[in-house]
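# A structural walkthrough
Given next are the chains, with one letter for each unit.
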Amino acid sequence: MSPLFSMSFRNLTRNRRRTLLALGAVVVGLCALTLLRGFVNAVRQAQLAATLYGTTGMLQIHHKGYVKNVLSNPLDLAFEDSLQLRKTILSTAHVLALSPRLQFSGSLSATEPLSSNPQELANSEPKTTFLSANAVDPELDRKVMPQLYEWVIAGQVFTNASDSAFVVHRDIAGPLGIDDISQNLAQPKEQWPVLLAPDKEGALSGDALQISGLLGSAVPTDKRLALAPLKTIQRLLKMENQITEYVVRLDDVVHAEIVQTELTSRLGDKFEVSRWDELAPFIKDLLSNVDKIFGYITAVFLLVIMLGIVNSMFMNVMERVREIGTMMALGIRRGYILSLFVLEGAFLGALGALLGLSVGVLIVFVASRIGIRIPAPGSTIKFVLHPFVTQKFLFDSFVFTTCGAAFVSLWPAFRASRLRPVEALSAV
Amino acid sequence: MNSSNSSLNALVKDQSKNLIEIHNLKKIYQLGKTTVEALRGVDFSVAEGEFTVVLGPSGSGKTTLLNIIGCLDRASSGSYLLDGEDVSNRDFNDLAEVRNYKIGFIFQNFNLIPVLNVIENIEFPCLVRKEQESRAQLRERVRALCAEVGLERFMKHKPDELSGGQRQRVAIARALITQPRLVLADEPTANLDSNTSDQILELMQRLNRDHATTFLFATHDPRVMDLARRTVRIKDGMVVAN
Ligand SMILES: Nc1ncnc2c1ncn2[C@@H]1O[C@H](COP(=O)(O)OP(=O)(O)O)[C@@H](O)[C@H]1O
Ligand SMILES: [Mg+2]
């Protein structure tokens, strides 16, 4: 066996300061990369969870043409919520739960003036506001959209689909002067805000509803979002048993596509099944953009790390010119010298990667246990992030750093192997 | 101990028997616009098994000559046959093989590999060969050679734990482990005190006898002359006495 390996490794211990500096750059770089990846993963996961469990759900089933026409008048494309339909959906493989919803728009008016002071009143926001609300059965909806219910920041959601209560976004409730839940609950019915909504024919129906809870959100969402009890709204709009969609939760979102296909064929022409990424394409784009940006950052990091290694290896070669000359005199072939320095670079990269990734994983682990609280842009409540990294990331980073270090060491190694023996021997 | 006699013997013998055969060798260095003629037509031969001292003042061209003989450098003109072979047109790796199998080097500043211990330094030239003997066999030879040069007690030491004389002994063992035809020693005693110098010189002469290995020894120290069987005097790039 040739002494190549042990020599390359021992050479790292020669100029300790320089090795430590080069190693330090790799360690810090990879540690930072791991932390960044952990953080990005957490943001990504939180964003995805917010979408899958709080905004669109994994799958939605509508009357055919609904998604295209959603801006016109959704009620036209309502359909009957039948036991038969529910059975068909729930008996499909990978489906865990469903929630019937009736999406409608309407306006909410507060009956009391905001202030008795005329000047304040003149400057105040209008006391009527438009809403885009989901009428839901809270018991079923909670199972499909658990995240949504975590965004209730004050009060609580009505417990029964026939309640006369309502949950609106805090940013809507504020200007209407109905953001004090305890005060709302204490008010007599005559003072409750009034919901006015047009039915299928366009005729307005109204009912007084109590604001029982306020929504915030951890992600930028539509502030006009509101939750209403399904049965109450069906009655108000004279649409008994009618809904506009089923939101479906699967055992795992990776099955969205197969379940979509299966349900499409099972439910027939009357219905359309949409995946979350079709309903919220911007979220999908956002996530893939995050990955892209992380890719660029990674590339820059690795480039800097590799520059550090090349520099260190060049100094290494320059310091050992006479030794290279000696080895040449002893009859070493060029390839051997090349291997010697390439291996040395690879060791440097591997060692640095091992240390950097270890420290990074440790910090990510601790951060994940504690949880990082960060206000997300455009959101009203704080995210709690739980950073994590995958084994694949660690493996790839290790392999890439090691191979990259070996690869960039080819340059100084090549220069070393091309030295002329006499000149190398006479170097100081 | 008759140097002129042995060189005469070498000459009358068949020329092809000579290990080193040099004719009208020139080496010109180009330094910008000026040229330095380091060797100006050297004629010189060394027979197998000889112990030859190349004596000359500093700057006379000894190192230049030894580098060419050692296949580390090429002459500008003239001919050089090593063991009857012209090596002037070989590529790097071929020359590396020639050096590895036929030539051992001993340097003024020892040039040991600092990260390797004594055993590892000595066996290094054998370990970079394409074809290798068994590890056990090699270790055995290294041990025997260590005993021969008086390093038994230092086999696990790193070079920086050794004295100058000990380091040069390691270098000598390293030069001999490949069982070369020729050992080139360029001022091997210049960095040693006179006492150690004498010991090293004595050691090299003993090895020359015991191993029948040809030694070519360059020095500027006239004292060495007394110990050598044959001396070649060189001055200003020319052989002035043989
Ligand atoms: N690489 C070189 N470039 C230019 N001149 C050189 C070089 N090497 C040696 N010389 C010159 O060649 C002459 C012989 O040098 P050298 O062979 O080292 O002599 P010695 O070993 O006897 O001291 C000297 O004048 C020296 O300056
Ligand atoms: Mg010299």
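In this text the structure is predicted, and so the values were computed from the model without any measurement. (Residues numbered from 1 in each chain as written. Chains lettered and ligands numbered in written order. Predicted model: local features only at pLDDT ≥ 70, side-chain atom pairs only at ≥ 80, totals over all residues. Heavy atoms only, no water.)

### Quick look at the overall build of chain B
- Across its full length, chain B carries 7 helices and 10 strands.
- A globule of 242 residues ought to have a C-alpha radius of gyration of about 18 Å, and chain B, at 18 Å, matches this closely.
- Its C-alpha atoms give chain B principal-axis dimensions of about 45 × 45 × 40 Å.
- Looking at chain B as a whole, 52% of its 242 residues are labelled buried.
- Counting only contacts in chain B whose residues sit at least 6 apart along the sequence, the fraction spanning at least 24 positions is 72%.
- Here chain B has roughly 11,000 Å² of accessible surface; of this, 47% comes from carbon and sulfur atoms.
- Once the 31 positive and 31 negative side-chain charges of chain B are each reduced to a mean point, those two points are 2 Å apart. (Helix = DSSP H or I, 4+ residues; strand = E, 2+ residues; numbered from the N terminus. Rg over C-alpha atoms; globule rule 2.2 N^0.38 Å. Buried < 20%, exposed > 50% of the residue type's maximum accessible area, 1.4 Å probe, protein only. Contact = heavy atoms within 4.5 Å. Areas by Shrake-Rupley, 256 points an atom, 1.4 Å probe, with all protein chains shown as cover. Lys, Arg positive; Asp, Glu negative; His and termini not counted. Charge placed at Lys NZ, Arg CZ, Asp CG, Glu CD.)

### Describing the pattern of salt bridges
- By the definition in use, this model includes 31 salt bridges over all chains.
- A salt bridge links Glu278(A) to Arg275(A), with the nearest nitrogen and oxygen atoms 3.5 Å apart.
- Taking the relative accessible area as the measure of exposure, Arg275(A) reaches 14% and is therefore buried.
- Taken together, the shared-partner salt bridges connect Glu48(B), Asp83(B), Glu85(B), Arg90(B), Lys102(B) and Arg181(B) into one network. (Salt bridge = Lys/Arg side-chain N within 4 Å of Asp/Glu carboxyl O.)

### Observations concerning the domain arrangement of chain A
- Each domain of chain A was delimited in the assignment, giving domain 1 (3-51 + 284-425) and domain 2 (56-279).
- Between domain 1 of chain A and domain 2 of chain A, the C-alpha centre-to-centre distance is 50 Å. (Domains from an automatic or database assignment.)

### Some thoughts on the sheet that holds strand S4 (residues 77-82) of chain B
All names here are of chain B.
- The strand order across the open sheet built from 4 strands is S2-S1-S4-S5, with neighbouring strands paired in antiparallel fashion. Either end of the sheet is taken by a strand with one partner, and the two such strands are strand S2 (34-47) and strand S5 (85-86).
- Of the strand pairs in this sheet, strand S1 (residues 18-31) and S4 are connected by 5 bridges, and their pairing is antiparallel. Looking at S4, one finds that Ile22 is bridged to Tyr80.
- Relative to S1, helix H2 (residues 62-69) is tilted by about 120 degrees, and along the sheet it contacts S1, S2 and S4. (Pairing = 2+ DSSP bridges. Axes fitted to C-alpha atoms, helices over the stretch in contact; angles between N-to-C directions.)

### Observations concerning the interface of chain A and chain B
- Listed per partner, the contact involves 23 residues of chain A and 28 residues of chain B.
- With both sides pooled, the region where chain A packs onto chain B buries about 2,400 Å², and carbon together with sulfur makes up 63% of that total.
- Three residues, Arg10(A), Leu330(A) and Arg333(A), lead the burial of chain A against chain B; their summed loss comes to 28% of the area buried on that side.
- Applying the counting criterion to the chain A and chain B interface returns 2 salt bridges.
- As a salt-bridge pair, Asp73(B) and Arg420(A) come within 3.7 Å of each other at their nearest N and O atoms.
- Looking at the side of chain A that touches chain B, the elements that each hand over two or more residues are helix H1 (4-11), helix H14 (321-329), helix H15 (334-370) and helix H17 (421-425) of chain A. (Buried area = accessible area lost by both parts, 1.4 Å probe.)

### Quick notes on the nonpolar core
- Formed by 52 residues in total, the largest nonpolar core has its most connected members in Ile61(A), Ile89(A), Phe104(A), Phe166(A), Val168(A), Leu195(A) and Ile233(A).
- Look past the residues within four positions of Val168(A) in its chain and what remains in contact with it is Leu108(A), Leu131(A), Ala173(A), Ile211(A), Gly213(A), Leu214(A), Leu215(A), Leu225(A) and Ala226(A).
- Within the second largest apolar cluster, 46 residues are counted, among which are Phe314(A), Met327(A), Leu343(A) and Phe124(B). (Core = buried A, V, L, I, M, F, W, Y, C linked by side-chain atoms within 4.5 Å.)

### A word on helix H11 (residues 256-267) of chain A
All names here are of chain A.
- Taking 1.5 Å per residue as the helical rise, H11 with its 12 residues ought to reach 16 Å, and the 16 Å between its terminal C-alpha atoms agrees with that figure.
- For H11, the set of buried residues is Ala256, Val259, Gln260, Leu263 and Leu267. Along H11, the residues classed as buried sweep out an arc of 105 degrees about the axis, all on the same side. Summarising the geometry of H11, the exposed residues directed more than 90 degrees from the buried face are Glu257, Thr261 and Ser265.
- Considering only its buried residues, H11 is in contact with strand S1 (59-63), helix H4 (83-90), strand S3 (95-109), strand S12 (245-250), strand S13 (271-275) and helix H12 (276-279).
- Phi for Gly268, located one or two positions after H11, is positive at around 85 degrees. (Expected span 1.5 Å × (residues − 1). Arc of directions from axis to C-beta.)

### Examining the site of ligand 1
All names here are of chain B.
- Around ligand 1, the neighbouring residues are Tyr29, Leu31, Val36, Ala38, Pro57, Ser58, Gly59, Ser60, Gly61, Lys62, Thr63 and Thr64.
- Backbone polar atom of Gly59 to an oxygen atom of ligand 1: 2.7 Å apart, as the coordinates give it.
- Here ligand 1 has 550 Å² of accessible area as a free molecule, and 64% of this is covered by the chains.
- With 3 residues, H2 is the single largest residue contributor to the shell around ligand 1.
- A breakdown of the residues in the shell around ligand 1 according to their chemical character gives 5 nonpolar, 6 polar and 1 charged. (Near = heavy atom within 4 Å. Polar contact = N/O pair within 3.5 Å; in protein donor to acceptor, adjacent residues only side chain to side chain. Nonpolar A, V, L, I, M, F, W, Y, C, P; charged D, E, K, R; others polar.)

### What to know about the sheet that holds strand S8 (residues 214-219) of chain B
Residue and element names in this part refer to chain B.
- As summarised here, the arrangement of the 6 strands in space is S6-S7-S8-S3-S9-S10, forming an open sheet in which the pairing is mixed. Only two strands of the sheet have a single neighbouring strand rather than two, namely strand S6 (103-106) and strand S10 (238-241). Within this sheet the neighbouring strands show an average axis-to-axis angle of 25 degrees, counted without direction.
- Relative to S10, strand S9 (residues 230-235) is paired through 3 bridges, and the arrangement is antiparallel. What sits directly across from Arg233, in S10, is Ala241.
- Helix-sheet contacts for helix H6 (residues 164-176) involve S6 and strand S7 (182-186), and the interaxial angle to S6 is about 170 degrees.

### Remarks on the pairing of S1(A)
Residues and elements named next belong to chain A.
- The buried fraction of S1 is high, at 5 of 5 residues.
- Bridge analysis of S1 against S12 gives 4 bridges, and the strand direction is antiparallel. What sits directly across from Leu59, in S12, is Val248.
- As paired elements, S1 and S13 share 5 bridges and run antiparallel to each other. Of the residues in S13, the one forming a bridge with Gln60 is Ser274.

### Describing a negative patch on the surface
All names here are of chain B.
- Side chains of Asp91, Asp94, Glu97 and Glu131 sit close together on the surface and give a patch of like negative charge.
- Position of Glu131 among the secondary structure elements: in the loop between helix H4 (118-127) and helix H5 (135-149).
- For Glu131, a relative accessible area of 67% gives the class exposed. (Patch = residues over 30% accessible without salt bridge, like charges linked within 9 Å, V, L, I, M, F, W, Y side chains within 5 Å.)

### Describing unusual backbone geometry
All names here are of chain B.
- Phi is positive for Asn24, close to 50 degrees, though the residue is something other than glycine.
- Among the secondary structure elements, Asn24 is positioned in strand S1.
- Classification of Asn24 by relative accessible area gives partly exposed; the value is 37%.
- Even without glycine at this site, Asp83 takes up a positive phi of about 55 degrees.
- Its location among the elements puts Asp83 in the loop between S4 and S5.

### Focus: H4(A)
Residue and element names in this part refer to chain A.
- Every buried residue of H4 is accounted for by Leu85, Thr88 and Ile89. Each buried residue of H4 sits inside an arc of 95 degrees when the element is viewed along its axis, so together they form one side. What points out from H4, more than 90 degrees from its buried face, is the exposed set Leu83, Gln84 and Lys87.
- Turning to H4, the residues buried within the fold contact S1, strand S2 (79-80), S3, S12, H11 and S13.

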